[in-house]
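Per-entry structural report
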Amino acid sequence: MASKTSTILRRALLYVPSSSPKFLEKSRSLTVDTIAYDLEDSVTPGLKASARTNIVKFLEQPRPSNITELSVRINAVSSGLALDDLNSVLTAKNLDALVVPKVNRASDLHFVTDVLRQKLPERHKEGGENPVKIIALIESAESIMNLGEICRSSPYLSGLIFAAEDFALDLSLTRTPSLTEFLYARSAIATAARAYELPSTIDLVCTSFRGEEGLRTLEEECLQGKGLGFNGKQCIHPTQVAVAQRTFAPGEKEVEWAVRVVVGDEKADAGGRGAWTLDGKMIDAPVVGKAKATVERAKHCGIDVDAVREKWKSQEPE
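These lines cover the structure that appears in this document, whether it is placed above or below. The model shown is predicted, which means the values in this text are computed figures rather than measured ones.

1. Thoughts on the overall build of the protein chain
Along its length, the protein chain carries 14 helices and ten strands. For the protein chain, the C-alpha radius of gyration of 21 Å lies close to 20 Å, the compact-globule estimate for 318 residues. Overall size of the protein chain, expressed as C-alpha extent along the three principal axes, is 65 × 45 × 40 Å. Expressed as a percentage of the 318 residues in the protein chain, the buried residues total 51%. For the protein chain, the share of sequence-separated contacts (at least 6 apart) that also reach a separation of at least 24 residues comes to 72%. Counting every atom, the protein chain has about 14,900 Å² of accessible surface; 54% of that belongs to carbon and sulfur.

This is the structure we're talking about:
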């Protein structure tokens, strides 16, 4: 089972094609939690080799200051291209994570894990520091049925991503604006990730991104995904990043409520009270636990929690 790593933030995971040196260089100016430099879908077969060279060269340069995590999406293990991808990208010094597509069963991640241990033994030995993390794309009915074994398959597994378009293809579904056709799969992914203490659950791509209407659709999808238990969003265009990162961070009212609960609970606990009320609502252990988690996430998102706490320092349990 993967260890709980609540400090990892992947509110937005932006794909950038590794076949384009221009796009690679432009990505340096972005502010984003995670970039996945792509060797898979956005790279044609004839450009795979040069894309590997591009991304290794890019990851050898100084780290961009405003990108928290540098990852590479390799080709699927079943494609026969994954080993060549790994032999190349694992030589790059600034690689933080691998995004592995079409993970249908535990053996897919066993393969990647074995290569990591062979190629980078110091980073992946028992107790090793800063291992390359794995983020698995869930894309098929088979992968949904095998979520348990997938989540247990590697100590380096750090999150799950839902690939809606491939899932729709597998089940012959038509994507609709409501996204209800994906409800079971999305709920299963979010629940499995939580059960196995994986820090990231990254929701489906929003295919609308142009203009105000596209950004409104994106925000609606982010809020829906957040309500299902996801804590991040795949992005296919830089204009989507700010909306995703804002929406998957705790909102102002959410942080204020959480701080009030935490402050009030500290006083209730000191007074020997287990359950109490706030604004007429009962506050018990699960509510307090969620509030504490919200406060911690707000801190990691750069929100000034101390200022909010100062504002509500006199909060008393009712």
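Read on for the rest.
2. Some thoughts on the layout of surface pockets
The space that makes up the second largest pocket amounts to roughly 330 Å³. Along the walls of the second largest pocket sit 15 residues, with Y15, V16, P17, I236 and P238 positioned nearest its centre. Listed by contribution, the elements that provide at least two residues to the lining of the second largest pocket are β1 (12-17) and α1 (21-26). Looking at the lining of the second largest pocket residue by residue, the classes come out as eight nonpolar, three polar and four charged.

3. A closer look at the nonpolar core
Within soluble globular proteins, side chains that are nonpolar generally end up buried alongside one another. Among the nonpolar cores identified, the biggest contains 68 residues, and Y37, I55, V72, L90, L98, L160 and F162 are the most heavily contacted of them. In terms of residues, this core owes the most to one element, helix α9 (residues 183-195), which gives six residues. Sequence-distant contacts of L160, defined by excluding residues within four places in its chain, comprise I135, A136, I138, L147, C151, I189, A193, L198, S200, T201 and I202. Judged by nonpolar contacts, the second largest core, of 16 residues, contains V259, I283, V288 and A298.

4. Some words on helix α3 (residues 82-89)
A82, D85, L86 and V89 are the residues of α3 that are buried. Looking straight down α3, one finds its buried side chains confined to an arc of 95 degrees; they lie on one side. Buried positions along α3 lie against α2 (48-59), β3 (67-73), β4 (97-100) and α4 (106-119).

5. Comments concerning the sheet that holds strand β7 (residues 200-203)
The strand order around the closed barrel built from eight strands is β1-β2-β3-β4-β5-β6-β7-β8, with neighbouring strands paired in parallel fashion. Taken over all neighbouring pairs, the strand axes of this sheet differ in orientation by 25 degrees on average, direction set aside. Bridge analysis of strand β5 (residues 133-138) against strand β6 (residues 157-162) gives five bridges, and the strand direction is parallel. In the sheet register, I134 faces β6, and the bridge partner there is L157. Relative to the sheet, α4 contacts β4, β5 and β6, its axis offset from that of β5 by approximately 160 degrees.

6. Structural notes on the packing of aromatic side chains
Inspection of the entire model under this criterion finds four aromatic pairs. Chaining the aromatic ring pairs together yields one cluster made of F162, F167 and F182. Here the basic side chain of R73 rests over the ring of Y15, its NZ or CZ set 4.4 Å away from the ring centre. Between K281 and the ring centre of W257, over which it is positioned, the NZ or CZ distance is 5.4 Å.

7. Some thoughts on unusual backbone geometry
The backbone of K102 shows a phi angle near 50 degrees, a positive value even though the residue is not glycine. For K102, the location among the structural elements is in the loop between β4 and α4. Here K102 falls in the partly exposed class, since its relative accessible area comes to 28%. Of note, E197 is a non-glycine position whose phi angle comes to about 60 degrees, a positive value. Within the element layout of this structure, E197 appears in the loop between α9 and β7. Overall, E197 belongs to the partly exposed group, its relative accessible area being 25%.

8. Some details on the pattern of salt bridges
Summed over the entire model, instances satisfying the criterion amount to 24 salt bridges. The salt bridge involving R63 is made with D96; its shortest N-O contact spans 2.8 Å. Here R63 is found in the loop between α2 and β3, whereas its partner D96 is found in the loop between α3 and β4, with 33 residues between them in sequence. R175 is the salt-bridge partner of E165, the closest N and O atoms lying 2.5 Å from each other. Residue E165 is located in helix α8 (residues 164-171), and its partner R175 is located in the loop between α8 and α9; the two are separated by ten residues in the primary sequence. Salt bridges sharing partners connect three or more residues here, namely D38, E40, R73, K102 and E139.

The rules behind these values
- Residues numbered from 1 in each chain as written.
- Predicted model: local features only at pLDDT ≥ 70, side-chain atom pairs only at ≥ 80, totals over all residues.
- Heavy atoms only, no water.
- Helix = DSSP H or I, 4+ residues; strand = E, 2+ residues; numbered from the N terminus.
- Rg over C-alpha atoms; globule rule 2.2 N^0.38 Å.
- Buried < 20%, exposed > 50% of the residue type's maximum accessible area, 1.4 Å probe, protein only.
- Contact = heavy atoms within 4.5 Å.
- Areas by Shrake-Rupley, 256 points an atom, 1.4 Å probe, with all protein chains shown as cover.
- 1 Å grid on protein atoms, 1.4 Å probe; cavity = no way out; pocket = protein on both sides within 12 Å on 5 of 7 lines; lining within 4 Å.
- Points joined across faces, edges and corners; volume = space filled by probe spheres on them.
- Nonpolar A, V, L, I, M, F, W, Y, C, P; charged D, E, K, R; others polar.
- Core = buried A, V, L, I, M, F, W, Y, C linked by side-chain atoms within 4.5 Å.
- Arc of directions from axis to C-beta.
- Pairing = 2+ DSSP bridges.
- Axes fitted to C-alpha atoms, helices over the stretch in contact; angles between N-to-C directions.
- Phe/Tyr/Trp six-rings, centres within 6.5 Å; stacked < 30°, edge-to-face > 60°.
- Lys NZ or Arg CZ within 6 Å of the ring centre and 35° of its normal.
- Salt bridge = Lys/Arg side-chain N within 4 Å of Asp/Glu carboxyl O.

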